[in-house]
Amino acid sequence: MRDNVRIIKDSLFKILVYSLAFLSIVPLLMIILQIVKNGASVITLKFFLRLPQPPGESGGGILNSLIGTFMLVILASTLAIPVGVATGIFLAEVKNKFTEFLGTLVNVLQGLPSIVVGILAYLWVVKPMGGFSAFSGAVALSIMMLPMIIKTTEETVRLIPFSLKEASFSLGANYTKTILKVIIPASAGGILSGIIIGISRIVGETAPLLFTAFGNPYVNLNPAKPVDALPLLIFNYAMSPYDEWHKIAWGTSLVLIVIVLGLNLLTKVAGKKWKTKF
Amino acid sequence: MKSDSIFKAMLYTGGVIVALLVVFSFISLFRASWLSIRQFGLKFILSPVWNPVSEKFGALPFITGTLATSILALFISLPFSISIALLVGVYLPDGFLKNSLSYATDLLAGIPSIIYGFWGLFSLVPLMRKMEIKIGILPYGVGILTASIVLAIMIIPYTSSISREVISMVPEDIKEAGFALGATTREVIFKIILPYARSGIFAGILLAFGRAFGETMAVTMVIGNSNFMPKNIFSPANTMASVIANEFTEATKDIHLSSLIQIGLWLFIFTFLINLLGNIVVNKFRVESRK
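Thresholds, definitions, all that
- Residues numbered from 1 in each chain as written.
- Chains lettered and ligands numbered in written order.
- Predicted model: local features only at pLDDT ≥ 70, side-chain atom pairs only at ≥ 80, totals over all residues.
- Helix = DSSP H or I, 4+ residues; strand = E, 2+ residues; numbered from the N terminus.
- Contact = placed C-beta atoms within 7 Å.
- Rg over C-alpha atoms; globule rule 2.2 N^0.38 Å.
- Buried ≥ 20, exposed ≤ 12 C-beta atoms within 10 Å, placed from the backbone.
- Core = buried A, V, L, I, M, F, W, Y, C linked by C-beta atoms within 7 Å.
- Expected span 1.5 Å × (residues − 1).
- Bend = angle between axes of the 7 residues up to and from the residue.
- Axes fitted to C-alpha atoms, helices over the stretch in contact; angles between N-to-C directions.
- Parallel < 35°, antiparallel > 145°, perpendicular 65-115°, else oblique.
- Left-handed = near helix turned anticlockwise from the far one by under 90°.
- Nonpolar A, V, L, I, M, F, W, Y, C, P; charged D, E, K, R; others polar.

Draft legend 1. Broad picture of the overall build of chain B. A count of helical and extended segments in chain B gives eleven helices and two strands. Counting helices and strands in the order they occur from the N terminus, chain B gives α-α-β-β-α-α-α-α-α-α-α-α-α. Along the three orthogonal principal directions, the C-alpha set of chain B runs to about 75 × 70 × 30 Å. When contacts within chain B are restricted to residue pairs at least 6 apart in sequence, those whose partners lie at least 24 apart make up 75%.

In structure tokens:
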């Protein structure tokens with residue numbers, strides 16, 4: 001009798017776990033479905049090639065924010081990759097009190113709320129430069145992607161067996177050559193996927209851009225001037241009272257989701273293909 | 001060997017830049033908030049009045065808003081994320097379903113918060129409004145509960161992936177010992193797996209809390225942006241992050257800007273402590289389970 005109760009309890013709990021787990025996927029599926037449904041009808045070739053139109057006029061596009069996002073990502077990567085990769089190798093290669101402390105700081109950096117990063121870029125770049133700019137947005141985004149690059153580089157470099165290094169040293173290569181010609185090529189796949197994960201995180205970041213890149217209804221290629229970005233456009237259009245703009249925001253959300261999920265899939269594929277195996 | 005020392009110096013430089021970045025973040029925030037720290041002192045976090053016109057700045061409504069939304073979000077998301085972790089870590093056998101479930105939660109963790117906010121504004125807010133009309137309260141639609149639900153959906157992938165990792169680290173032999181004694185799966189979960197993984201799951205919850213705490217966009221879009229003390233969980237409110245997002249570009253007075261930056265400083269300090277604690281617990285758990 002007691003055993004029956006235990007078995008019934010066990011089955012009930014199993015049902016509960018299954019239903020809660022699948023229930024939690026529901027809102028996530030709803031989000032994707034709704035974005036595809038509302039966004040797909042807006043997307044045409046013109047959508048990518050035209051500038052935003054004033055409220056009331058139809059046929060606006062997202063060319064300015066597409067170019068802006070592209071520019072921000074390139075600038076931010078240029079700033080973050082060298083520092084990030086160097087720090088990652090440093091953390092993997094050197095073991096002392098400073099690197100231990102640095103590891104903690106990297107975790108702190110990763111947990112920093114994006115809005116605070118925005119304030120920092122405002123204080124460090126916008127204020128001294130006297131105005132909003134693409135460059136200040138890129139500084140904020142580079143701070144956001146740094147911890148990702150550092151962590152994946154560190155983890156990958158740690159995986160490389162010591163024998164590989166020994167072989168390089170025994171052939172007479174010095175430390176610099178060993179790192180540049182043996183360690184970095186051997187861990188290229190991991191480092192690359194870290195960079196792509198970093199990019200996929202910053203493509204959708206909005207908060208750090210609110211008072212740095214600021215937004216711009218025209219195409220701008222000057223890093224010292226404000227630019228628009230896809231997530232900024234979604235925010236501004238979603239909060240506006242115009243139906244036409246809401247439609248564009250749905251379309252832009254679809255574009256953004258495709259970019260982010262595409263980048264994520266790319267890291268999974270890249271991770272498998274160039275996996276650092278030893 | 002000269003090139004070696006130059007190269008090593010370059011690696012060190014990278015590390016030093018990152019360390020200085022964090023240190024200077026704190027110093028810059030502190031300096032920029034000094035004006036408001038000097039003027040309001042401790043009253044800044046205790047006063048419930050935030051009025052840019054009369055230049056009275058107290059952050060209590062926003063601290064309340066942040067605590068309310070993130071704690072509520074945590075409670076809503078917990079049963080779901082633990083269920084996912086148990087399903088993937090205990091119930092499902094290795095195979096297609098298990099892989100695709102963990103794959104899906106990983107991908108969903110990557111969706112930008114602005115998209116959750118946008119969806120919340122156009123789907124969840126009308127739904128909440130209908131519900132509020134039914135139970136007979138002011139149908140704002142936006143408010144603390146709405147923001148908490150959006151936050152909960154956002155942090156489910158996060159908590160579940162950490163819990164999953166922790167549950168997978170529970171040694172096979174003690175689970176098998178439980179089964180061998182005739183325990184049901186439920187009993188193994190409650191008497192062996194969860195007690196063993198307790199500290200790791202706690203750390204996962206802390207890290208998810210840290211994320212909910214600083215989340216900006218998703219919350220800003222659905223919380224209603226009201227600068228008064230929230231009365232109940234249906235009230236429109238503001239969180240520390242959302243008030244910065246709303247008012248920063250509009251702040252023309254120095255004291256207003258400085259007060260907003262001071263809120264940023266507190267966000268920095270709180271998330272710093274939460275993440276530090278979370279990481280210490282997770283690392284301790286990793287070391288212990290390796291023994």
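Draft legend 2. Region of the structure containing the overall build of chain A. Regarding its fold elements, chain A presents eleven helices and zero strands. Reading the helices (α) and strands (β) of chain A from amino to carboxyl end gives α-α-α-α-α-α-α-α-α-α-α. For 278 residues, the compact-globule formula gives about 19 Å, and the C-alpha radius of gyration of chain A, at 23 Å, lies well above that figure. In terms of overall dimensions, chain A has a C-alpha envelope of 75 × 70 × 35 Å along the principal axes. Among the 278 residues that make up chain A, the fraction classed as buried is 46%. Once local pairs closer than 6 in sequence are excluded, the contacts in chain A between residues at least 24 apart make up 75%.

Draft legend 3. Structural context of the interface of chain A and chain B. With 61 residues of chain A in contact, the opposing surface of chain B contributes 63 residues. Put simply, the parts of the chain that give the side of chain A that touches chain B at least two residues each are helix H1 (2-40), helix H3 (63-93), helix H4 (97-111), helix H5 (114-129), helix H6 (134-159), helix H8 (175-186), helix H10 (230-238) and helix H11 (243-273) of chain A. A per-element tally of the side of chain A that touches chain B places H1(A) first, with 17 residues.

Draft legend 4. Spatial organisation of the nonpolar core. A:Leu72, A:Met145, A:Ile234, B:Val150 and B:Leu151 are the most contacted members of the largest nonpolar core, which has 165 residues in total. Top contributing element to this core by residue count: helix H6 (residues 144-168) of chain B, with 15 residues.

Draft legend 5. Highlighting helix H1 (residues 2-40) of chain B. Residues and elements named next belong to chain B. For H1, with 39 residues, the first-to-last C-alpha span of 55 Å sits near the 57 Å given by 1.5 Å per residue. The largest bend in H1 is about 55 degrees, located at Trp34. Listed as buried for H1 are Leu11, Gly14, Gly15, Val18, Ser25, Leu29, Ala32, Ser33, Ser36 and Phe40.

Draft legend 6. Structural detail: the packing of H6(A) against helix H9 (residues 188-203) of chain A. Residues and elements named next belong to chain A. The interhelical angle for the contact between H6 and H9, taken along N-to-C directions, is 155 degrees, at an axis separation of 8 Å. Classified by the interaxial angle, the pair formed by H6 and H9 is roughly antiparallel. Considering how the two elements wind past one another, H6 and H9 form a crossing that is right-handed. Touching Leu141, Met144, Met145, Met148, Ile149, Thr152, Thr153, Glu155 and Thr156 of H6 are Gly190, Ile191, Ser193, Gly194, Ile195, Ile197, Gly198, Ile199, Arg201 and Ile202, all from H9. Taken together, the residues of the contact of H6 with H9 break down into ten nonpolar, seven polar and two charged.

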